[in-house]
Amino acid sequence: MIPSAITISLVPQAQGGPFVFWDDLQASARRAAELGYDAVELFLPGPDAVSVTELRALLDETGLKVAAVGTGAGMVVYKLSLTADDAAQRQAAIQFVTGMIHFGGEFGAPAIIGSMQGRWTPASGKEATLDLLGVALRELAETSQTFGVPLIYEPLNRYETNLCNSLLDGVKFIESRALENVVLLADLFHMNIEEVDLATAFLNAGPHVGHLHFVDSNRRPAGYGHLDYAPIAAALRDIGYKGYASAEALPWPDSDLAAIKTMETYRKVFG
Ligand SMILES: [Mn+2]
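Here's what I pulled together on the structure shown here.

Rules used in this analysis
- Residues numbered from 1 in each chain as written.
- Predicted model: local features only at pLDDT ≥ 70, side-chain atom pairs only at ≥ 80, totals over all residues.
- Heavy atoms only, no water.
- Buried < 20%, exposed > 50% of the residue type's maximum accessible area, 1.4 Å probe, protein only.
- Helix = DSSP H or I, 4+ residues; strand = E, 2+ residues; numbered from the N terminus.
- Pairing = 2+ DSSP bridges.
- Right-handed = clockwise from strand over helix to strand, strands pointing away.
- Phe/Tyr/Trp six-rings, centres within 6.5 Å; stacked < 30°, edge-to-face > 60°.
- Lys NZ or Arg CZ within 6 Å of the ring centre and 35° of its normal.

1. Let's talk about the pairing of strand β7 (residues 182–187)
- With six of its six residues buried, β7 lies for the most part within the structure.
- The sheet contact formed by strand β6 (residues 151–153) and β7 spans three bridges and is parallel. The residue of β7 that forms the bridge with I152 is V183.
- Following the chain from β6 across helix α6 (residues 167–176) to the adjacent parallel β7, one finds a crossover that is right-handed.
- Two strands pair when backbone bridges link them, and β7 and strand β8 (residues 209–213) are joined in this way by four bridges, in the parallel orientation. Its bridge partner lying in β8, L185 is registered against H211.

2. Here we look at the packing of aromatic side chains
- In this structure the tally under the stated criterion is nine aromatic pairs.
- An aromatic cluster of three or more residues is present, and its members are F214, Y229, Y266 and F270.
- Directly above the ring of W252 sits R220, whose terminal nitrogen or CZ lies 3.7 Å from the centroid.
- Over the aromatic face of Y224 sits the side chain of K261, whose NZ or CZ is 5.1 Å from the ring centroid.

What follows is the structure in structure tokens.
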């Protein structure tokens, strides 16, 4: 059975975002463990927001692992982008993500590049912007390698980026730039907007898929929308997916019920 994870955000500026638990790391982790989750995915204000020692103690106590760490605070809090026009801004973005890779690396957890990828403009051009992204991801993937983890890159729906929207866009990007140690994050919410058929998209992306955001069509917890999970689970089995199913969902109707519903759907779908 693929392992389960659930998101915890400690970023006040991300209020309204798709994270199940908020603000209280200890209480959230304890509740996640109680409900049977294997891991937590952390969305933090920065690499120094949580003490490594304290988190290690919390993981020991709960038996949880860290599935991944987000880097979106670099965008949300500091307005950084890996593809900014200004080279100093790009460097600051790489530095921020590098800090998160080091933090996650302490726990064997990869970092996720989502909103930090930015977007292209008529002035910057699509291919040139993808080139900038490729340069940044190559460096960040090498840093990740020193911790024995991949770098996770997430195609986003068209309203959030114009770089890579589908899994196939992501595969083409990774292959055309010959990126190593970069895997794709398949987010079912984004995929529901962009893919022709979700199961086919998984089959075509195959071994490139390294992380899953397990959520429903409307960004509510899995089971509160109209996604059909059976063909998705079958496709994940077919490609031998070994990563997490991580709940990146709105805390709807509230955090606790979102966590309960996700676990119920997860067991039904993958159990
Ligand atoms: Mn996502």
